[in-house]
Amino acid sequence: MTGPLEGVRVVALAGMGPTPFASMLLADLGADVVRVVRPASSRRRAGTTPADDVGPQYDIVNRGVTSVAVDLKEPAGVEAVLGLVRRAEVFIEGFRPGVAERLGLGPADLLRARPQLVYARLTGFGQEGSLARSAGHDINYVAQSGALSMFGRPGEPPRPPVNLLGDYAGGGAMAALGIVSAVLSARGTGVGQVVDAAMVDGVALLAAKLLGLRSAGLFDGEPGTNYLDGGAPFYATYRCADGRYLAVGALEATFYRTFLDGLGADTSDWPDQLDRERWPRLRELIEEVLSTRSRDDWTAVFAGTDACVTAVLDPEEAARDPHNVTRGVFRRIGDVLHPEPAPRFSATPARTPQAPAAGPVDIAEVMRAWA
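Counting restarts for each chain: residues are numbered from 1 in the order of the written sequence. In keeping with the predicted nature of the model, local features appear solely for residues at pLDDT of at least 70, side-chain atom pairs appear and are counted solely at 80 or more, and the whole-chain, interface and lining totals rest on all residues. Just so you know, side-chain values use all the structure's heavy atoms and leave hydrogens and water out.

Caption draft 1: Up close: helix α10 (residues 253-263). Of all the positions in α10, only Y256, F259, L260 and L263 are classed as buried. The buried side chains of α10 occupy one side of the element, clustering within an arc of 95° when seen end-on. Contacts: residue pairs with any heavy atoms within 4.5 Å of one another. The secondary structure listing takes helices from DSSP runs of H or I that are at least 4 residues long and strands from runs of E that are at least 2 residues long, numbered from the N terminus. Where α10 is buried, its residues meet β8 (245-249), α11 (279-290), α12 (295-302) and β9 (309-311). G264 lies just past α10 and shows a positive phi near 70°. Partly exposed describes any residue whose relative accessible area lies between the buried limit of under 20% and the exposed limit of over 50%, with all areas from a 1.4 Å probe on protein chains only and scaled to the type maximum. The directions considered for the arc run from the helix axis to the C-beta atoms.

Listed below in structure tokens is the structure:
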């Protein structure tokens, strides 16, 4: 077995952000994923972003995926995709609403050709609503969901958490969950369906716990003033003597006491942990102590304790860290650092990641393999 999704065939139209990430997740778990890309001349006309200009070996989200070049503006190209779909269980597209229909590859077209098909649509704003056809990127979808307003420091503008939250967590990962769920349903009922995965929906769902806390009055202050957003001095990052950082997550009273013990300072007159009005002073006191030693010194002090203190590692440090090495969290392929597939399975291990293919293969090869 190459993974729990071995035997699942997926056709994905090339796109940005969540579409390739969802495809990678499925491929990592053993699905046979074919990505339909535009011919090179068409891609040049369409324009690019800086992320499109990296070499294929750096395009990690396309690992384990087979690419075929097809001109969807030509009837023969559309028919070629339909030929793949008739042999597949899943189809993924990330166009704005209505584009797939204009190409002749909308849900009605494909479900007529393949009634058991799971048709996944990944968009930012969803298939309906006043913003449905508007252009956008991760920052816009996270803003529209309400989540972006929670990221920042007091008195500063909200800070986007790169594009992890919208594109990958709320978009690609949620879509992959929806796809696997719909495949289970289709295999049991023989009836396919459309999975409408919008990043606004997904990010709003990810914020479920925080919405509950807001309603309870426990997460309602300015960003950067609450327990889980860096406002609490015992749930924050601190600069050490060498300019590197520690992450402190000593929320519970027991863990907080262990943290204080590890500081080796006289904390008898420090403000109470839960005295929010004196949090600024408590932060200053913690900063003063942690700034006296290097990050790695403090990491050694707190190692093996329940203080909930860890080093803030950059990706290369994370790849070398003994715990991560033991777990096999990363793998280097050539000069590119890859995260290993997750989650893990005892009976059907995930496919070992390979370097992304250098270029498209002939679609006839895929048709023969899928015959």
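Caption draft 2: Summary view of the environment of I286. The topology assignment puts I286 in helix α11. With a relative accessible area of 0%, I286 lands in the buried category. Linking I286 and W270, residues 16 residues apart in sequence, is a C-alpha distance of 9.6 Å. Every residue in contact with I286, bar those within four places of it in the chain, is listed here: P233, Y238, F259 and W270.

Caption draft 3: Up close: the sheet that holds strand β2 (residues 32-37). Taken in spatial order, the 6 strands make up an open sheet running β3-β2-β1-β4-β5-β6, and their pairing is parallel. Sheet topology places β3 (65-69) and β6 (193-198) at the edges, where each strand pairs with a single neighbour. Taken over all neighbouring pairs, the strand axes of this sheet differ in orientation by 20° on average, direction set aside. Bridge analysis of β2 against β3 gives 5 bridges, and the strand direction is parallel. Strand pairing follows a simple DSSP-based rule, namely that at least 2 bridges must link the two strands. Between N-to-C directions, angles cover 0 to 180 degrees, with each direction set by a line fitted to C-alpha atoms, over the stretch in contact for helices.

Caption draft 4: Local environment of the pattern of salt bridges. A pairing counts as a salt bridge when a side-chain nitrogen of Lys or Arg comes within 4 Å of a carboxyl oxygen of Asp or Glu. According to the stated counting rule, one finds 15 salt bridges in the structure shown. R86 is paired through a salt bridge with E79; the nearest N and O atoms lie 3.3 Å apart. Accessibility expressed as a relative area gives 42% for E79, which makes it partly exposed. Across the pair D109 and R112 runs a salt bridge, and its minimum N-O distance is 3.2 Å. Of this pair, D109 and R112 both sit in helix α5 (residues 107-113), 3 residues apart, which is roughly one turn of that helix.

Caption draft 5: Geometry of the sheet that holds β9. Across the sheet, 3 strands lie side by side as β7-β8-β9; this open sheet has antiparallel pairing. Of all strands in the sheet, those with a lone pairing partner are β7 (235-239) and β9, marking the two edges. Taking each pair of neighbouring strands and ignoring which way they run, the sheet shows an average axis angle of 25°. In terms of strand pairing, β7 meets β8 through 5 bridges, oriented antiparallel. Among the inter-strand pairings, Y235 is bridged to a residue of β8, identified as G249. Where α12 meets the sheet, its contacts fall on β8 and β9, and the angle it forms with β8 comes to roughly 35°.

Caption draft 6: Local environment of the environment of N140. Examined against the element boundaries, N140 turns out to sit in helix α6 (residues 138-145). C-alpha of N140 to C-alpha of D362: the two residues are 222 residues apart in sequence and 37 Å apart in space.

Caption draft 7: Representation of the packing of aromatic side chains in the model. Centre distance within 6.5 Å is the pairing criterion for rings of Phe, Tyr and Trp, where only the six-membered ring of Trp is used; planes under 30 degrees apart are then read as stacked, over 60 as edge-to-face, and the remainder as tilted. Scanning all chains against the criterion turns up 10 aromatic pairs. An angle of 85° between the planes, with centres 5.7 Å apart, marks the rings of F234 and W279 as edge-to-face. One end of the pair, F234, is in the loop between α9 (208-215) and β7; the other, W279, is in helix α11, with 45 residues separating them in the sequence. By the burial criterion, F234 is buried, and W279 matches it. Taking 6.4 Å as the distance between ring centres and 40° as the angle between the ring planes, the aromatic pair formed by Y256 and F259 counts as tilted. In this pair, Y256 and F259 are both assigned in helix α10, 3 residues apart and thus about one turn of the helix distant. Just as Y256 is buried, F259 falls in that class too. Taken together, the aromatic side chains of Y227, F234, Y256, F259, W279, W298 and F302 make up a single cluster linked through ring pairs.

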